[in-house]
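Now for the letters of each chain:
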Amino acid sequence: MTPLQMFGINSLGTLVLALVVPLVIVVFGTYLGVLGALRAFFGESSWQDVSTVEEE
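Every chain is numbered on its own, with residues counted from 1 as its sequence reads. Given that the model is predicted, a residue must reach a pLDDT of at least 70 before its local features are reported, and side-chain atom pairs must reach 80 or more before they are shown or counted; all residues, however, enter totals for whole chains, interfaces and linings. Heavy atoms from the whole structure form the basis of all side-chain values; hydrogens and water molecules are not counted.

Visitor: Run through the overall build of the chain, naming residues and quoting values.
Guide: Secondary structure follows DSSP: runs of H or I at least 4 residues long count as helices, runs of E at least 2 residues long count as strands, and numbering of each begins at the N terminus. The helix and strand tally for the chain stands at 3 helices and 0 strands. Burial status follows relative accessibility: with a 1.4 Å probe on protein chains alone, a residue under 20% of its type maximum counts as buried, one over 50% as exposed, and anything between as partly exposed. Across the 56 residues in the chain, those meeting the buried criterion constitute 7%. Here, Shrake-Rupley sampling with a 1.4 Å probe gives the accessible areas, and only protein chains in the shown set may cover a residue. Looking at the chain as shown, the accessible area adds up to about 4,700 Å², and 71% of this sits on carbon and sulfur atoms.

Visitor: Quick rundown of the confidence of the model for the chain? Include the residues and the values.
Guide: Atom-level detail of predicted coordinates should not be read off regions where pLDDT is low. Residues at a pLDDT of 70 or more form 61% of the chain, whose mean pLDDT is 75. Here helix α1 (residues 3–7) stands out as the least confident element of the chain, with mean pLDDT 58; helix α2 (residues 11–42) is the most confident, with 85. Residue-level confidence of the predictor is summarised by pLDDT, bounded by 0 at the bottom and 100 at the top.

Visitor: Can you tell me about α2, naming the residues and giving the values?
Guide: In a regular helix each residue adds 1.5 Å, so 32 residues correspond to 46 Å; α2 covers 46 Å between its end C-alpha atoms and thus fits that length. Three or more residues of α2 are buried, namely G13, L35 and L38. Positive phi appears at G43, one or two residues downstream of α2, with a value of about 70 degrees. Multiply 1.5 Å by the residue count of a helix minus one, and that product is the helix's expected span.

What follows is the structure, given as structure tokens:
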């Protein structure tokens, strides 16, 4: 059974797949990019750690 058959081959199911899947991929990629930048530039794994270090 293909994914389109599971959601039903209608315009709403196709629209949801066409919009939600790329959005999730972009959000996840952005999250990974921010984590990579934190580690590369600050050597920390969260913004809270970066702000705590700057205040001390």
